Amino acid sequence: MFSYRHGFHAGNHADVLKHTVLVQLLEHLLQKDKAFWVIDTHAGGGVYDLLSGYATKSGEAQGGIHKLWAHRKDRDLPAALKDLIEQVEVCNTGDQLRWYPGSPQIEAQMLRPGDHLRLYELHPTESRALLTHFADVKRGVSIQIADGFAGLKGCLPPPPKRGLVHIDPPYELKEDYRRVLNTLKESLARFPTGTYAIWYPQVARREADLLPEQLKKLAPGKWLHVSLRVRATARDGLGLHGSGMFVVNPPWTLYDTLAEALPWLVENIGIDDHAAYVLEADIQ
Ligand code: SAM
């Protein structure tokens, strides 16, 4: 179960979509003075070096954050993408893009004193990286070397009754699809007003095709779904041709903000004629 390493994928098209949404969700929570919790059930290593190791082997960031970075000074860059770039700039100096912030880093950068970030990670190397990285950096960050699906139950509802739950498993194991559904169902029973952001892959797998519709049934009248496909499904069925984020209890502004950013992403990150986005919501 420990073969997945996010370093291969850091900054790819899926991270760009995921982290664009994540930044908007955090921005919204930050609009009120009242403290909140962020629970990240699958944290990864926190921050990734794009100039060495896994990232240079895979080259995936070239098809994602590097394309956005090249346009970062464009005046007409959509606001949500500017917001993501701002978070990436915090980790870098000058024009060179070296460090890509994973979700824990983005969350830690954006949270205020008084807010709380709880990270779950199971992989020994990734959790060690997180512990080292956050050792002195910031109060209010707690790192659990534990199963994030199981750990989440014990955190809900968070004491301030405001919070964002980010669920981002590798989906290497088929059971991750089932666990995502069960976890959302149980979590909504405990904390119905929380915001939930669930990432999923677009791959040639039945469970992946079914997941968005199954998620919609768990949260009728309170979801937003966005996906970004960058290419046709490969003939051999391998690889990630896109990804999606399913948000429960989204901010009401999120739809319009993403509607502005998605055409830009299709145009600039899309690889072939199959590049397309979906943006839909049921909010009552
Ligand atoms: N959320 C990160 C980000 O956006 O930068 C990326 C996370 S990566 C897609 C998924 C991570 O979940 C991997 O580092 C993997 O080791 C970890 N993982 C896998 N199963 C887990 C589980 N049951 N509980 C906690 N972490 C798990």
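Here the structure is a predicted model, which means the values were calculated and not measured. (Residues numbered from 1 in each chain as written. Predicted model: local features only at pLDDT ≥ 70, side-chain atom pairs only at ≥ 80, totals over all residues. Heavy atoms only, no water.)

Novice: What should I look at first to understand the sheet that holds strand E10 (residues 276–283) in this one?
Specialist: Pairing between the strands of a sheet comes from backbone hydrogen bonds, and it takes one of two forms, parallel or antiparallel. If you trace the 8 strands from one edge of the open sheet to the other, you get E5-E4-E1-E6-E7-E9-E8-E10, paired in mixed fashion. Across the chains shown, the open sheet's two edge strands, defined by having one partner strand only, are strand E5 (141–144) and E10. Across the sheet, the mean angle separating the axes of adjacent strands is 10 degrees when strand polarity is ignored. The pairing of strand E6 (residues 163–167) with strand E7 (residues 195–202) spans 4 bridges and is classified as parallel. When the sheet's bridge partners are listed, Val-165 is paired in E7 with Tyr-196. Those strands touched by helix H10 (residues 254–269) are strand E8 (222–229), strand E9 (242–248) and E10, and its axis lies near 170 degrees from that of E10. (Pairing = 2+ DSSP bridges. Helix = DSSP H or I, 4+ residues; strand = E, 2+ residues; numbered from the N terminus. Axes fitted to C-alpha atoms, helices over the stretch in contact; angles between N-to-C directions. Contact = heavy atoms within 4.5 Å.)

Novice: Just checking my understanding: could you explain the nonpolar core for this structure?
Specialist: Nonpolar side chains tend to gather and get buried jointly when the protein is soluble and globular. Leu-26, Ile-65, Leu-68 and Val-226 are the most contacted members of the largest nonpolar core, which has 84 residues in total. Excluding residues that lie within four positions of it along the chain, Leu-68 makes contacts with Val-16, Leu-77, Leu-81, Leu-84, Ile-85 and Trp-264. (Core = buried A, V, L, I, M, F, W, Y, C linked by side-chain atoms within 4.5 Å. Buried < 20%, exposed > 50% of the residue type's maximum accessible area, 1.4 Å probe, protein only.)

Novice: Explanation requested: the packing of helix H1 (residues 13–30) against H10 in the structure shown.
Specialist: Between two packed helices, the angle of one axis relative to the other and the distance separating the axes together describe the packing. For the pair H1 and H10, interaxial distance at closest approach is 12 Å and the crossing angle is 160 degrees. Relative to H10, the element H1 lies roughly antiparallel. Once H1 is placed against H10, the crossing between them reads as right-handed. Counting all contacts with H1, which are made through His-13, Val-16, Leu-17, Thr-20, Val-21, Gln-24 and Leu-25, the residues of H10 involved are Leu-254, Thr-257, Leu-258, Leu-262, Leu-265 and Ile-269. (Parallel < 35°, antiparallel > 145°, perpendicular 65-115°, else oblique. Left-handed = near helix turned anticlockwise from the far one by under 90°.)

Novice: Explanation requested: helix H4 (residues 79–90) in the structure shown.
Specialist: Structurally, the α-helix is built with 3.6 residues per turn, so residues lying three or four positions apart point the same way. Its 12 residues give H4 an end-to-end C-alpha distance of 17 Å, which sits within 8% of 16 Å, the value for a rise of 1.5 Å per residue. The complete set of buried residues in H4 reads Ala-80, Leu-81, Asp-83, Leu-84, Ile-85, Gln-87 and Val-88. On its buried side, H4 packs onto H1, helix H3 (65–70), strand E3 (99–101), helix H5 (103–110) and H10. (Expected span 1.5 Å × (residues − 1).)

Novice: When you look at the site of the ligand in this model, what are you seeing that I'm missing?
Specialist: For the ligand, the set of nearby residues contains 21 residues, the closest of which are His-19, His-42, Ser-103, Glu-121 and Asp-168. One nitrogen or oxygen atom from the side chain of Lys-18 is found 3.2 Å from an oxygen atom belonging to the ligand. (Near = heavy atom within 4 Å. Polar contact = N/O pair within 3.5 Å; in protein donor to acceptor, adjacent residues only side chain to side chain.)

Novice: Which parts of the structure should I look at to understand the environment of Ser-58?
Specialist: With respect to the secondary-structure elements, Ser-58 resides in helix H2 (residues 54–58). Taking the C-alpha atoms as reference points, Ser-58 and Asn-12, separated by 46 residues in sequence, lie 9.8 Å from one another. At a separation of 3.5 Å, a polar atom in the side chain of Ser-58 contacts the main-chain carbonyl oxygen of Ala-55.

Novice: Sorry, what's going on with the packing of aromatic side chains here?
Specialist: When we look at a pair of aromatic rings, we describe it by the centre distance and by the angle of the planes. In the structure shown here, the tally under the stated rule is 5 aromatic pairs. With centroids separated by 6.0 Å and ring planes inclined at 55 degrees, the aromatic side chains of Tyr-171 and Trp-199 adopt a geometry described as tilted. Residue Tyr-171 is found in the loop between E6 and helix H8 (175–190), and its partner Trp-199 is found in strand E7; the two are separated by 28 residues along the sequence. Like Trp-199, Tyr-171 is buried. Considering the side-chain rings of Trp-223 and Phe-246, the 5.9 Å spacing of their centres and the 25 degrees angle between planes classify their relative orientation as stacked. Highlighted residues: Trp-223 in strand E8 and Phe-246 in strand E9, separated in sequence by 23 residues. Taken together, the ring pairs connect Tyr-171, Tyr-177 and Trp-199 into an aromatic cluster. Just above the ring of Trp-199 sits the side chain of Lys-18; from NZ or CZ to the centre is 5.4 Å. (Phe/Tyr/Trp six-rings, centres within 6.5 Å; stacked < 30°, edge-to-face > 60°. Lys NZ or Arg CZ within 6 Å of the ring centre and 35° of its normal.)

Novice: Got a minute to help me understand the environment of Gly-53 in this structure?
Specialist: Here Gly-53 is to be found in the loop between strand E2 (47–49) and H2. Sequence spacing of Gly-53 and Lys-222 is 169 residues, and the spatial spacing of their C-alpha atoms is 41 Å.

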